[in-house]
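The chain contents come next:
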Amino acid sequence: MSFLIGAGTPSSFFERLGDIETALTELEKLAVPPDEKALVRASIQGYFFQRVVRPNRQLIPLHAAAAGVVRSYAQFFRTLNHVLLRRRSSLLGKQANVFTTNIDMTFEVALEQLGIEVIDGFSGKIRPRFDLGEFGSTRYRQTARFERRSEIPVIDLYKLHGSVGWRVEADGSPGERIFYDHGLERVGEVAEAYDAAEKDLIPIASADGLDVSDLAAAASSKKLTDAASRFAEAYGTLAIVNPEKSKFATTVLNETYYELIRRLANEIEKENSLLLVHGFSFRDEHIRDLILRGARTNPTLQVVVFCYRRSDRTAYEALLPEPEVKNGNVLFVTPFAPEEGTEELALDLDRLRDTYFAPLVSDPVPAADQVIQLDVRVGSEPTPDA
């Protein structure tokens, strides 16, 4: 059982990408002076940093603004943990894979609060280092008296586009490695650079309908200041795949990202595998093509796409056309139709858990197999024959 989680899932706290990806891609095609192009790029990156990257610093101390999204994740994974505990067959391990294109730290914070075993690829305590060999490990607990072993649920967390909690550094050996950034120090460094450059960047009100031509016009005849240049340089040190069309090349060329994508491909190629998708728009071509190929070549794969709203199904069906899914193994699940005069209830993570996962672990009330009649009398004296 695998999950694919996209930016729509934590959208109650982190802003969605909107048209940022399209704007960054179109920017490369514009015939504008290099300084102006660099200023527009830095401005878009600044907006993305403020709305998606920087809010992660409120997750670690669990700021009140972030409590809602962390609670939703925690409740969902608590239920998933109970589902895995119900597996009694040794043929199926008590393990679930979570693949996500999100770079935020919500998964890590929620799972740590619950105390659920999670494998995120890092090993070590003092200076955790990323090691792909960590994934796929099985965990057991053993009783002290009879030494009986029982498998415990494990969540394998794959960050397909990197994470704000990753930090690339040299460790004395040739090349560089990825280390875990406990306090999001790298994000703090970029935040300082952004604060110093904010006044020199082009203001962006919203990512929806973002027109790169308008930004280029606003940058006309302006220079890229030293502060803006330092922010762009600092932003480039984040271990994330930037939201633009060229991210496919980044994913393939970088060994770590390529290996993570390969793990997703391996999981959906397994017999009788299940991929549950939530909050993912399928606009990432490399991931969409991989899932379509898996659905065609593996007829035992079942892909279940949970649509946030009923209207989203049309967009999903256009990106996952039925003729390309010859095995008919892609299922779209939409919210229930609203009653007349009421608003539609979006299929967010809480409603997904309550509607589809919580019933799997709820204990039904057993039906009575016989009826016993009791005659209880209160306040009366016992008869001599009693």
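Starting afresh in each chain, residues are numbered from 1 along the sequence in its written order. Note on the predicted model: pLDDT of at least 70 is required for a residue's local features to be given, and 80 or more for side-chain atom pairs to be given and counted; whole-chain, interface and lining totals, by contrast, use all residues. Hydrogens and water molecules were not included; the side-chain quantities draw on all heavy atoms of the structure.

**Q** Mind showing me how you'd approach the sheet that holds strand 2 (residues 95-100) here?
**A** Sheet strands line up and pair through hydrogen bonds in the backbone, either parallel or antiparallel. Being paired, for any two strands, means DSSP has found at least two bridges between them. Helix and strand labels come from DSSP, where a helix needs a run of H or I of at least four residues and a strand needs a run of E of at least two; each type is numbered from the N terminus. The seven strands are arranged 3-8-2-1-11-12-13 in an open sheet whose pairing can be described as parallel. In this open sheet, the two strands that pair with only one neighbour each are strand 3 (117-119) and strand 13 (330-333). Recorded for the sheet is a direction-independent mean angle of 20° between the axes of neighbouring strands. Strand direction decides the pairing type here: strand 3 and strand 8 (residues 154-159), joined by three bridges, are parallel. Along strand 8, the bridge assignment pairs Glu117 with Val154. For this analysis, residues touch if any pair of their heavy atoms sits within 4.5 Å. Here an axis means a line fitted to C-alpha atoms, over the contact stretch when the element is a helix, while the angle between two N-to-C directions is reported on a 0 to 180 degree scale. Docked against the sheet, helix 4 (residues 106-114) engages strand 1 (2-5), strand 2, strand 3 and strand 8, running at close to 165° with respect to strand 8.

**Q** What is the right way to read the pairing of strand 8 from this model?
**A** Note on strand geometry: in a regular strand, side chains alternate between the two faces of the sheet. Buried residues are those whose accessible area, probed at 1.4 Å on protein chains only, stays under 20% of the maximum for their type, while exposed residues exceed 50% and partly exposed ones sit between those limits. Across the six residues that make up strand 8, a large majority, six, are buried. Examined bridge by bridge, strand 2 and strand 8 share six bridges and lie parallel to one another. Paired with Phe99 across the two strands is Tyr158, which belongs to strand 8.

**Q** So what exactly am I meant to see when it comes to the packing of aromatic side chains here?
**A** Each aromatic ring pair is specified by the distance between its two centres and by the angle formed by the two planes. Ring pairs are drawn from Phe, Tyr and Trp, using the six-membered ring of Trp, whenever the two centres fall within 6.5 Å, and their geometry is named by plane angle: stacked under 30 degrees, edge-to-face over 60, tilted for the rest. Within the structure shown, the criterion is met by 22 aromatic pairs. Judged by centre distance (6.0 Å) and plane angle (35°), the rings of Phe3 and Phe357 are tilted. Here Phe357 lies in helix 12 (residues 349-361) and Phe3 lies in strand 1, a separation of 354 residues in the sequence. Each of the two residues, Phe3 as well as Phe357, counts as buried. One aromatic cluster in this structure is built from Phe99, Phe122, Phe130, Phe135, Tyr158, Trp166, Tyr180 and Tyr257. Taking NZ or CZ as reference, Arg16 lies 5.4 Å from the ring centre of Tyr308, over its face. Placement of a charge over a ring requires the Lys NZ or Arg CZ to be within 6 Å of the ring centre, with the centre-to-atom vector within 35 degrees of the ring normal. Arg127 extends its terminal NZ or CZ atom over the ring of Phe179, reaching a point 3.9 Å from the ring centre.

**Q** Hey, could you run me through the nonpolar core in this one?
**A** What tends to happen in soluble globular proteins is that the nonpolar side chains get buried as a cluster. As used here, the term nonpolar core means buried Ala, Val, Leu, Ile, Met, Phe, Trp, Tyr and Cys residues forming a set that is joined through side-chain atoms within 4.5 Å. Judged by nonpolar contacts, the single largest core of 69 residues is most densely connected at Phe3, Ile44, Phe49, Leu59, Phe77, Ile155 and Phe231. Looking at this core element by element, the count peaks at nine residues for helix 2 (residues 34-53). Apart from residues lying up to four places away in sequence, Phe77 is in contact with Val98, Phe107, Leu111, Leu114, Ile116 and Ile155.

**Q** Explain helix 3 (residues 67-85) to me, please; I cannot follow it from the model alone.
**A** An α-helix turns once per 3.6 residues; consequently, residues spaced three or four apart project the same way. Taking 1.5 Å of rise per residue, 19 residues should cover 27 Å, and helix 3 covers 27 Å from first to last C-alpha, within 8% of that figure. Within helix 3 the residues assigned to the buried category are Val69, Val70, Ser72, Tyr73, Ala74, Phe76, Phe77, Thr79, Leu80, Asn81, Val83 and Leu84. Of the surrounding secondary structure, the elements contacted by the buried residues of helix 3 are strand 1, strand 2, helix 4, strand 8 and helix 12. One fewer than the residue count of a helix, multiplied by 1.5 Å, yields its expected span.

**Q** In this structure, what is going on with the pairing of strand 12 (residues 302-306)? I would like to understand it.
**A** Judged by how many residues are buried, strand 12 sits mostly within the fold: four of five residues are covered. Sheet topology note: the strand 11 (residues 274-278)/strand 12 ladder contains five bridges and is parallel. When the sheet's bridge partners are listed, Leu274 is paired in strand 12 with Gln302. When the strands point away from the viewer and the path from the first strand over the helix to the second turns clockwise, the crossover is right-handed. Once you follow strand 11 into helix 10 (residues 285-297) and on to strand 12, the crossover reads as right-handed. Pairing geometry for strand 12 and strand 13, over four bridges, is parallel. Each bridged residue has a counterpart across the sheet, and for Val305 the counterpart in strand 13 is Phe332. The handedness of the strand 12 to strand 13 crossover, carried by helix 11 (residues 312-319), is right-handed.

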